[in-house]
Amino acid sequence: MKVVVLGAGVIGVSTAWYLLEQGHEVTVVERQADASLETSFGNGAQISVSFCEPWASAGAPFKVAKWLLRDDSPLLFRPRLDPAQWRWGLSFLGQCTTAAFERNVEQLVRLGRYSHESLKELVADTGIQYERLERGILHFFSSQADFDAGAAGAEVMRSHGVDRRVLNRDEVLKVEPALKSFGASIFGGTFTPSDESGDCRVFTQELAKRCEARGATFLYEHDVQGLELNGQQVASVRVSSQQTGQQRSLKADAFVTAMASYTPALLKPLGEFLNIYPAKGYSATLRLKKPEQASVVSLLDDTRKVAISRLGDHIRIAGTAELVGLDTRLDTPTSRVRCEALVKRYEELFPGVADLSEPNFWTGLRPSTPTNIPYIGRSKKASNLWINAGHGTLGWTHGAGSGRALAELMSGVRPALQGFGFYGDALPSAPVRRMATV
Ligand SMILES: Cc1cc2nc3c(=O)[nH]c(=O)nc-3n(C[C@H](O)[C@H](O)[C@H](O)COP(=O)(O)OP(=O)(O)OC[C@H]3O[C@@H](n4cnc5c(N)ncnc54)[C@H](O)[C@@H]3O)c2cc1C
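In this report, we go over the structure that sits alongside the text. On a predicted model such as this, the values are computed, not experimentally measured, just so you know.

Another aspect to go through is the overall build of the protein. From N to C terminus, the protein includes 10 helices and 23 strands. For the protein, whose C-alpha radius of gyration is 21 Å, the value lies close to the compact-globule estimate of 22 Å for 438 residues. Summarising its shape, the C-alpha atoms of the protein cover approximately 65 × 45 × 45 Å along the three principal directions. Scored against the burial criterion, the 438 residues of the protein give a buried share of 58%. Taking as baseline every contact in the protein between residues at least 6 positions apart, the subset at least 24 positions apart corresponds to 73%. Accessible area for the protein stands at about 17,700 Å²; split by element, carbon and sulfur atoms hold 51% of it.

Next up on the list: the sheet that holds strand β11 (residues 233-241). If you walk across this open sheet you meet the 3 strands as β10-β11-β12, and the pairing is antiparallel. Looking along the sheet, the strands with just one partner apiece sit at the ends: β10 (222-230) and β12 (247-251). Between one strand and the next, the sheet's axes are offset by a mean angle of 30°, whatever the strand orientation. In terms of strand pairing, β10 meets β11 through 8 bridges, oriented antiparallel.

This part covers unusual backbone geometry. At E221, a residue that is not glycine, the phi angle is positive and equals roughly 50°. For E221, the location among the structural elements is in the loop between β9 (217-219) and β10. Its identity as a non-glycine residue notwithstanding, T320 has a phi of 65°, on the positive side. Its location among the elements puts T320 in strand β17 (residues 314-323). Under the relative-accessibility criterion, T320 is labelled buried at 11%.

This next bit is on the site of the ligand. Surrounding the ligand, one finds 35 residues, the nearest of these being E30, T39, S40, Q46 and T397. A distance of 2.7 Å separates an oxygen atom of the ligand from a polar side-chain atom of T39. Coverage of the ligand by the protein amounts to 96% of the 1,000 Å² it exposes when considered alone. Where the shell around the ligand is concerned, the elements lending two or more residues are α1 (10-21), β10, β14 (277-288), β19 (362-368) and α10 (395-410). Classifying every residue of the shell around the ligand by side-chain character gives 14 nonpolar, 16 polar and 5 charged.

Moving on: the nonpolar core. Judged by nonpolar contacts, the single largest core of 57 residues is most densely connected at F203 and F218. Listed by contribution, the elements that provide at least two residues to this core are β1 (2-6), α1, β2 (25-29), α4 (98-126), α7 (200-213), β13 (254-257) and α10. If one sorts the elements of this core by residue count, α4 sits on top with 9 residues. Look past the residues within four positions of F218 in its chain and what remains in contact with it is A8, V13, V28, A208, C211 and E212. Counting 29 residues, the second largest nonpolar core, distinct from the first, contains L138, L286, C339 and F350.

As a further point, take helix α3 (residues 83-94). Between its first and last C-alpha atoms α3 spans 17 Å; for 12 residues at 1.5 Å apiece the expected length is 16 Å, and the two agree. Listed in full, the buried residues belonging to α3 are Q85, W88, G89 and F92. Take α3 and look down its axis: the buried residues cluster within an arc of 100°, on one side only. What points out from α3, more than 90 degrees from its buried face, is the exposed set P83 and L90.

So, about the environment of L179. Looking at the secondary structure, you find L179 in the loop between α6 (169-175) and β7 (188-192). Residues L179 and S295, spaced 116 residues apart in sequence, show a C-alpha to C-alpha distance of 7.3 Å. Dropping the residues within four chain positions of it, L179 is found in contact with L138, F140, V172, L173, I186, L299 and F350.

The next point concerns the pairing of β14. Counting buried positions along β14 yields 11 of 12 residues, so the element is predominantly enclosed. One ladder, built from 7 bridges, connects β14 with β19; its direction is antiparallel. In the strand pairing of β19, S283 is matched with W362. Pairing between β14 and β17: 7 bridges, direction antiparallel.

In contact at an axis separation of 12 Å, α4 and α7 are set at 60° when each is read in the N-to-C sense. Our classification of the angle between α4 and α7 gives oblique. Crossing geometry of α4 relative to α7 is assigned as left-handed. Contacts between α4 and α7 involve L119, L122, V123 and T126 on the former and, on the latter, F203, L207 and R210. Classifying every residue of the contact of α4 with α7 by side-chain character gives 5 nonpolar, 1 polar and 1 charged.

Rules used throughout
Residues numbered from 1 in each chain as written. Predicted model: local features only at pLDDT ≥ 70, side-chain atom pairs only at ≥ 80, totals over all residues. Heavy atoms only, no water. Helix = DSSP H or I, 4+ residues; strand = E, 2+ residues; numbered from the N terminus. Rg over C-alpha atoms; globule rule 2.2 N^0.38 Å. Buried < 20%, exposed > 50% of the residue type's maximum accessible area, 1.4 Å probe, protein only. Contact = heavy atoms within 4.5 Å. Areas by Shrake-Rupley, 256 points an atom, 1.4 Å probe, with all protein chains shown as cover. Pairing = 2+ DSSP bridges. Axes fitted to C-alpha atoms, helices over the stretch in contact; angles between N-to-C directions. Near = heavy atom within 4 Å. Polar contact = N/O pair within 3.5 Å; in protein donor to acceptor, adjacent residues only side chain to side chain. Nonpolar A, V, L, I, M, F, W, Y, C, P; charged D, E, K, R; others polar. Core = buried A, V, L, I, M, F, W, Y, C linked by side-chain atoms within 4.5 Å. Expected span 1.5 Å × (residues − 1). Arc of directions from axis to C-beta. Parallel < 35°, antiparallel > 145°, perpendicular 65-115°, else oblique. Left-handed = near helix turned anticlockwise from the far one by under 90°.

Pasting the structure below:
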C-alpha cells in the first residue's frame with residue numbers, strides 16, 4: 001500500500017518504520033523542519049513500563065483539589081471556557097475509581113511490555129545510539145506517609161506482574177549512591193530494575209533517517225490542513241508547503257494520523273471525536289559540571305513529581321502538568337515559576353553537580369486521554385484512516401509498540417499484543433499472519 005503518515009514525533013516515525021518493515025510505501029508529513037521537535041523533543045527520557053499508573057485514581061480528585069491554582073503544584077488545572085477541557089475533566093473524574101484504575105493499569109502494562117520488547121529488537125537491528133541506560137527507575141520518597149503509599153502502590157503493580165521492589169533508605173542509596181547528600185531526607189523508595197532511559201529525540205531523529213534510507217519520503221515544513229473524503233474513505237490529505245505556500249493533495253491507499261494533541265481537530269470534521277487534551281509539561285536540561293557525582297539510574301522524585309534522567313554529559317529534569325489548552329509558551333509567569341522549580345529542586349538534590357547557567361528550558365504538550373490509554377486503531381468514520389495518538393505521559397515508553405501494532409493491524413496481521421483494546425474495528429477477523437507472542 002501507499003501510506004501517508006501525518007506527524008513525525010516518536011509515534012509517527014515508529015509507525016513509519018514498521019510500515020516499511022511490512023513492505024509498504026511511506027510518506028511522512030511534518031510541519032517542523034525535522035522529526036521529534038514537538039512533544040517528543042525534551043521529555044523525561046524514561047522507558048517506564050513498570051511505572052505506568054494513570055493519573056486517574058480513587059485518590060486523584062482529592063490531590064488535584066489540594067493543588068488547584070497553586071502555581072508550583074505538580075498538576076495545575078486552570079478552568080477555561082473550553083468545552084473540550086470540561087469534557088476531558090468530567091471523563092477523567094469518571095476514571096477515578098479503583099475498578100477503572102485497575103482496568104487501565106492492566107492495559108498500560110500490556111502495551112508497555114510489548115513496546116519494550118519491540119524497542120529492544122529495533123535497537124538491536126538498527127544499532128541506534130541514544131544515550132540509553134538500562135539501569136532501572138528509582139522512585140524515592142521524602143516522607144513516611146508518601147513512602148507507605150508508594151509501597152502500597154508497588155503491591156498493586158506487583159499484582160499486575162510488574163517487578164517493583166520496595167527499598168529502605170540504605171538500599172535506595174546503594175542503587176543510586178549519587179543521592180547521598182540528600183540521603184537524610186529520604187524515607188525509602190521503590191525500584192523497577194527492568195525499566196530504562198534514553199533520549200527520545202535522538203532516537204526518533206535517527207529512526208527517521210533510517211526510514212529515509214529505506215525509501216520513505218519525509219515532507220518537512222509541510223502543514224496538514226485537512227482530509228478529503230470520498231464516501232467512507234479518505235481520498236487524500238491536503239498539505240501546504242511553508243517554503244513555497246503551495247498547496248497540494250496527497251493521495252494514498254491508507255492514512256495514519258499521529259499528530260498527538262492536534263489529532264482531534266483534524267478528525268472533528270469527519271464526525272469523529274477523540275478525547276485527547278494537551279497536558280503541558282516542562283523540562284530543563286543541564287550540562288554536568290561533575291558528571292562523576294551525578295545520577296545514572298533514572299529517578300522519580302515523589303515530592304516534586306519530577307523525573308531525572310542522565311543523558312550523557314547532561315541531566316534532564318522533567319515534569320509537572322498544566323491543563324491550559326494548546327499553549328506552548330515558556331515566557332508566562334506560571335511557566336517561569338514551573339521551570340525555575342525544576343532547576344531549584346535539582347540543586348537541592350545534587351548541590352553543585354550541574355551548571356545552572358544554561359537550563360535549556362523546554363515545554364511540550366502531552367496528548368492525554370482520561371484513561372492514559374492511547375487510541376491505536378482504525379477510524380470509525382473512514383475505513384482507510386488509522387489513528388495512533390493520545391499517548392499522554394508514556395509516548396516514549398509506548399512508541400515502538402504502538403507503531404508496530406498499528407502497522408501490523410494495517411497489514412492484516414494480528415499483533416502479539418494480546419488483550420489490548422484497539423480503537424474501532426481494527427483487528428483482522430481472520431488472522432492473515434500471526435506474530436510471535438511476547
Ligand atoms: C514534560 C514531559 C515529560 C515526559 N516524560 C516522558 C517520559 O519520561 N517517558 C515517556 O514515555 N513519555 C514521556 N512524555 C510523553 C511523551 O513525550 C509523549 O507522549 C510523546 O512524545 C508523544 O509523541 P507523539 O509522536 O504522539 O507527539 P509529537 O512528538 O508531538 O508528534 C506529533 C507531531 O505531529 C506534528 N503535527 C501536529 N500537527 C500538525 C499539522 N497540522 N501539520 C503537520 N504536522 C503536525 C507535530 O509537529 C509533531 O512533530 C513526557 C511528556 C512531557 C511533556
